[in-house]
Amino acid sequence: MAQQVQAGTLECRGGPDTGFIVGSVTNLNCVLHVDSAPDSRYIAAIQNFDVFIGDTDVALNWKVMAEVPWLAPDGLAGTYTHAEDAGINVLGGGANGPITLSPPTRPNDGSPPPANIESLELRPMDR
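Residues numbered from 1 in each chain as written. Predicted model: local features only at pLDDT ≥ 70, side-chain atom pairs only at ≥ 80, totals over all residues. Heavy atoms only, no water.

## Looking at the pairing of strand β5 (residues 58–66)
And step 1. Note: strand β1 (residues 5–14) against β5, nine bridges, orientation antiparallel. Opposite G14, over in β5, you have V58 as the bridge partner.
And step 2. Pairing of β5 with strand β8 (residues 99–102) involves three bridges; the strand directions are antiparallel. Residue pairing across strands places V64 opposite L101, the latter belonging to β8. (Pairing = 2+ DSSP bridges. Helix = DSSP H or I, 4+ residues; strand = E, 2+ residues; numbered from the N terminus.)

This is the structure:
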């Protein structure tokens, strides 16, 4: 695989007004932020994400790493899975080329570790 560079950041949020839990699938609203480009909006479907059932807010963030520093419109759409020997919540995939979603480095502030996500599907939000 070619060297990857940061192509943006993906912020996913859910709660009583923006996300919902249906069975074993959690759907979150996500926004891809890319320098010098309009934000792109996605829905993230995360399988078996019951760690947050009962909580009111879910917040997940990733650095988006790709072979180029920009993505085409809806270029983040696709299925992402956890690779063996990857760090917690490091996901790879995408429908338009190899993309890696990597959690940003967090300071050791004593907060609990994030839930382990094995896979997610990103779909462009209807416009």
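Past the structure itself, the notes keep going.
## Some remarks on the nonpolar core
And step 1. The biggest cluster of nonpolar side chains holds 24 residues, and the ones touching the most others in it are L10, W62, L76, L101 and L122.
And step 2. Those elements that place two or more of their residues in this core are β1, β3 (25–33), β4 (40–47), β5, β8 and β9 (119–124).
And step 3. If you tally residues by element for this core, the top one is β5, at five residues.
And step 4. Each residue touching L122, except ones within four places of it in the same chain, is listed here: L10, C30, Y42, I43, A44, L76, A77, G78, Y80 and L101. (Core = buried A, V, L, I, M, F, W, Y, C linked by side-chain atoms within 4.5 Å. Buried < 20%, exposed > 50% of the residue type's maximum accessible area, 1.4 Å probe, protein only. Contact = heavy atoms within 4.5 Å.)

## A look at the pairing of β4
And step 1. Counting buried positions along β4 yields six of eight residues, so the element is predominantly enclosed.
And step 2. Of the pairings in the sheet, the one linking β4 to β9 comprises five bridges and is antiparallel in character. By the bridge assignment for β9, I43 is matched with R123.

## Structural notes on the environment of P103
And step 1. With respect to the secondary-structure elements, P103 resides in the loop between β8 and β9.
And step 2. Put simply, P103 and N89 are 14 residues apart on the chain and 6.6 Å apart in space, counted from C-alpha to C-alpha.
And step 3. Filtering out sequence-adjacent residues up to four positions away, P103 remains in contact with N61, W62, K63, I88, N89 and V90.

## Some words on the confidence of the model for the chain
And step 1. Per-residue confidence for the chain gives a mean pLDDT of 78; residues scoring 70 or more make up 73%.
And step 2. A low-confidence stretch, residues 16–23 stays under pLDDT 50, and its non-local contacts, those more than four residues away or across chains, total 12 contacts.
And step 3. Note that pLDDT drops below 50 for residues 50–55; the model gives that stretch five contacts with residues more than four away or on any other chain. (pLDDT = per-residue confidence, 0-100.)

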